[in-house]
Amino acid sequence: MPFDLSDYEPVASRLDRFLKAHPDARVITDLVHYLSDVAVFKCELWIDGEIIATGWAEEIRGQGNVNKTSHVENCETGAVGRALANAGLSGSDFAKRPSREEMSKVQRMQGDTHITEPSNLASDKQLNMIRAVCKSMGRTVPSGIQGWTKSEASKYIDSLKSGVAELKQQEPEEPF
């Protein structure tokens, strides 16, 4: 079912409201697991020496644009967002409990490019070309290509084309 990311409040906004309402609060994050490019964070929210909420998140390196370079940071933000939602800071509409960052993850996992704000995601034509060329070369299609930008897809297509050109140059010509 389509959704609009602009309907969901970012973690930064929720955190700002929380810290303004509770200036002495503590937000404690902990990287509890990191193995094979999978990060898991836990976040605890403390007020007056008591934990009022926790939140957990998991992210995988390379799954979507942000996670190509910042999956650990993205994971930590996700855990903070979950803890804030568990503490009742879920935006103006309780039905919109997930943060914008969490809904972006849903979008990445679904590979649906029609549910975002206007963006610069790779076109269907680019993605189909990548799939076709990879198949013809006997290569595996990279995971997460649905989240690539047009520029990333173009660069990958160019690298595939140069790989095809290199292969053609290395093959000896038939003598007949």
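Up top you'll find the structure we're talking about.
Each value, and the rule that gives it
By convention here, each chain's residues receive numbers from 1 onward along its written sequence. Local features in this predicted model are restricted to residues of pLDDT 70 or higher, and side-chain atom pairs are both shown and tallied only at a pLDDT of 80 or more, whereas totals for entire chains, interfaces and linings draw on every residue. Side-chain metrics rest on all non-hydrogen atoms present in the structure, leaving aside hydrogens and water. For helices the rule is a DSSP run of H or I covering at least 4 residues; for strands it is a run of E covering at least 2, with both sets numbered from the N terminus onward. Under the scheme applied here, a residue whose accessible area is under 20% of the maximum for its type counts as buried, over 50% as exposed, and between as partly exposed, the area being computed with a 1.4 Å probe on protein chains only. Here a polar contact is taken to be a pair of N or O atoms separated by no more than 3.5 Å, where protein atoms must pair a possible hydrogen donor with a possible acceptor and residues adjacent in sequence count only if both atoms sit in side chains. A contact between two residues is defined here by any heavy atoms of the two lying within 4.5 Å. Put simply, buried Ala, Val, Leu, Ile, Met, Phe, Trp, Tyr and Cys residues joined by side-chain atoms within 4.5 Å make one nonpolar core.

Novice: Before we go on, may I ask you to explain the side chain of Glu44 in this structure?
Specialist: Relative to the elements of secondary structure, Glu44 occurs in strand E2 (residues 38–47). For Glu44, a relative accessible area of 17% translates into the label buried. Within the structure, Glu44 has its side chain in polar contact with the side chain of Lys42 (distance 3.3 Å). Discounting residues that sit within four places of it in the chain, Glu44 has contacts with Arg26, Val27, Ile28, Ile51, Ala53 and Thr54.

Novice: Looking at this structure, how should I read the nonpolar core?
Specialist: Generally speaking, nonpolar side chains in soluble globular proteins are found buried as a group. By size, the foremost hydrophobic cluster in this structure holds 16 residues, and its most contacted members are Phe18, Cys43, Leu45, Cys75, Ala79, Val80 and Leu84. Every element with two or more residues in this core is listed here: helix H1 (11–21), E2, strand E3 (50–60) and helix H2 (66–86). Here Ala79 is in contact with Phe41, Lys42, Cys43, Gly55, Trp56 and Ala57, once residues within four sequence places are set aside. Ile145, Trp148, Tyr156 and Leu160 belong to the second-largest nonpolar core, a separate cluster that totals ten residues.

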